[in-house]
Amino acid sequence: MVKKTLHWSLAVIVLGTVLTACSGGQPGSGKSEGSSSGGKEVEKKEPVELVFYITSSGWSEERFMEEYGNAVVAKYPPMKLKFIPSGKGTLIPELLAGGTTIDVVISSIGLTQAQILDNNLQYDLTGLIQSRNLDLNRFEPTTIELIKLFSNGGIYGLPLNNTVGLLTYNKDLFDKFGVPYPKDGMTWDETYELAKRLTRVENGVQYRGFISSVAHMSQINQLSVPYVDPKTDKALFDLDDRCQRFTSDLARFYQIPGNGVDAKTVSLTEQYKAFTETKTVAMMAHIGTPGAEFQANWDMVTMPEYKERPGYGPQPYPTYTFVTSSSKNKEAAFDAAAFLASEPFQKTMSKRGLMPVMTDKTVKDVYGQETDYLKGKNLMARFPKQLAAPMPVTPYDAIAKSKWTAQMDKLIQGLIDVNTALRVAAEETNKAIEAEKAKKK
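None of the values given here were measured: they were computed from a predicted structure.

A.B. asks: It is not clear to me how the environment of Val 164 should be interpreted in this structure. Could you clarify?
C.D. replies: Here Val 164 is to be found in the loop between β4 (157-161) and β5 (166-170). Taking the C-alpha atoms as reference points, Val 164 and Met 355, separated by 191 residues in sequence, lie 8.3 Å from one another. Sequence-distant contacts of Val 164, defined by excluding residues within four places in its chain, comprise Ile 287, Pro 314, Met 355, Arg 382, Pro 384 and Leu 387.

A.B. asks: Mind showing me how you'd approach unusual backbone geometry here?
C.D. replies: Excluding glycine, a negative phi dihedral is what most residues carry, and trans is how most peptide bonds are arranged. Located in the positive-phi region is Asn 152, a residue other than glycine, with phi close to 50 degrees. With respect to the helices and strands, Asn 152 occurs in the loop between α7 (141-150) and β4. Residue Asn 152 is classed as exposed on the basis of its relative accessible area, which comes to 74%. Despite not being glycine, Asp 233 shows a phi value in the positive range, around 60 degrees. Positionally, Asp 233 belongs in the loop between α10 (214-219) and α11 (241-254). Note on Asp 233: relative accessible area 17%, which makes it buried.

A.B. asks: Before we go on, may I ask you to explain helix α13 (residues 330-340) in this structure?
C.D. replies: An α-helix turns once per 3.6 residues; consequently, residues spaced three or four apart project the same way. For α13, the buried fraction is high: 10 of the 11 residues fall into the buried class. Turning to α13, its buried residues are Lys 330, Ala 332, Ala 333, Phe 334, Asp 335, Ala 336, Ala 337, Ala 338, Phe 339 and Leu 340.

A.B. asks: So what exactly am I meant to see when it comes to the pairing of strand β1 (residues 48-54) here?
C.D. replies: When a strand is regular, its side chains alternate between the sheet's two faces. Among the seven residues of β1, six are classified as buried, and the element is accordingly described as predominantly covered. Sheet analysis places β1 next to strand β2 (residues 79-84), joined by six bridges and oriented parallel. Counterpart to Leu 50 in the pairing with β2 is Leu 81. Taken together, β1, helix α3 (residues 61-75) and β2 form a β-α-β motif whose crossover is right-handed.

A.B. asks: Where do I start with the pattern of salt bridges in this structure?
C.D. replies: Pairing between side chains of opposite charge can happen when their charged atoms approach one another. In the structure shown here, the tally under the stated rule is 19 salt bridges. Where Arg 132 meets Asp 335, a salt bridge forms, and the shortest distance between an N and an O atom there is 3.0 Å. Placement of Arg 132 in the loop between α6 (126-131) and α7 and of Asp 335 in helix α13 is noted, with a sequence separation of 203 residues between them. The salt bridge partner of Glu 308 is Arg 245, with a shortest N-O separation of 2.7 Å. You can see Glu 308 sitting in the loop between β9 (298-302) and β10 (312-313) and its partner Arg 245 sitting in helix α11, a full 63 residues away along the chain. Relative accessible area serves as the criterion here: at 31%, Arg 245 is assigned to the partly exposed category. One continuous salt-bridge network, built from bridges that share partners, spans Arg 138, Glu 343, Lys 347 and Asp 360.

A.B. asks: Would you mind showing me how to read the environment of Val 201 here?
C.D. replies: Along the chain, the position of Val 201 falls in strand β6 (residues 200-202). The exposed category is assigned to Val 201, whose relative accessible area is 54%. Distance in space between the C-alpha atoms of Val 201 and Gly 258 is 8.1 Å, their sequence separation being 57 residues.

A.B. asks: Quick question: what am I supposed to make of the nonpolar core here?
C.D. replies: Side chains of nonpolar character tend, in soluble globular proteins, to be buried together. Counting 132 residues, the largest nonpolar core has Tyr 68, Phe 237 and Met 283 as the members making the most contacts within it. Residue contributions to this core peak at eight residues, all from α13.

What counts and what doesn't
Residues numbered from 1 in each chain as written. Predicted model: local features only at pLDDT ≥ 70, side-chain atom pairs only at ≥ 80, totals over all residues. Heavy atoms only, no water. Helix = DSSP H or I, 4+ residues; strand = E, 2+ residues; numbered from the N terminus. Contact = heavy atoms within 4.5 Å. Buried < 20%, exposed > 50% of the residue type's maximum accessible area, 1.4 Å probe, protein only. Pairing = 2+ DSSP bridges. Right-handed = clockwise from strand over helix to strand, strands pointing away. Salt bridge = Lys/Arg side-chain N within 4 Å of Asp/Glu carboxyl O. Core = buried A, V, L, I, M, F, W, Y, C linked by side-chain atoms within 4.5 Å.

The analysis is restricted to geometry; functional conclusions fall outside its scope.
Printed below as a string of structure tokens:
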């Protein structure tokens, strides 16, 4: 059987989502959810229609059914699934205003506040988790810890898949310049030295040692630096020393002579093209890997570590399945979500190259087995020894992240210094938070 490859498009990366296109056989429905995930087997005798929605763009009904829906229906034949693609005219506020009921929303953690909480779609699943005896200890602990931060101690969503930031690199460039490959467990200082050695001009071509998605890096930073103080609703950029440490450490890579960016090349889109298309960048740090279209000899290692925190990877960037407050079929919706989080389906996703959320070694060990372009890669780089603790969350994190990113873009272009970047980011964040609060009065 010819397997399709996992394709991580740039559009998906830019949107901050971790929902990747993957395909393959459906999970076997003979193995019960109860035996694999600790939940009770619930038989559905009456036909139930569930409406699914994915917050990222680019999803068709055919793709949804291939990747998720067919497996759910195979598990629960009485279920009928309807999928609404995200797009103009089908955004969640528009759908709700038009009277459409959505039963299940699949969303990355980065969009949870805007898509779930801001639309009052949150629903605490604690009661259903308990009645179904669903064992939350089977999941990567940080994914549960993170959703609890958004849920006031409850559980608004079940983990579906995870993404852990890593360092991908172009072996061809390392070979070209005779530089040793990166290794798992490198420190940021060691990575910086590698970047300097790989930033050079050869035959009139400027090669660069390192790029990153600074916005994503801030959200998964290993120091667990928060954007906003949840007690005061004030930005922490100029108040928490870790903010300056993280910002300075990341910015220094762009201060290497020849490794900088300007107004035309500062965007993630342009930086990504330099890695995957012109192939003039040696290393890239962010939450994704290049897709099958990347025709180069590449590999990946764990995200570089802070020397005082050996073995710690980034914070998790998971995707969750949310049962909505407006659903009239919450039990059926929960059963579907629980199945997608069960061992059989998690193994299927893992084989197809999507990072599972279960800690079971047998689920991790099959990661990428059915994804051709991942064969021969250092797949265990996706599973560091320990993930950093999720940082505290507030309703204003998206505002703060955008303000910091805007100043970070200026910083890595050499237009301002670190202190100015953090001070302005804090000032603009605080003003925006006050304006947002005023709207709700």
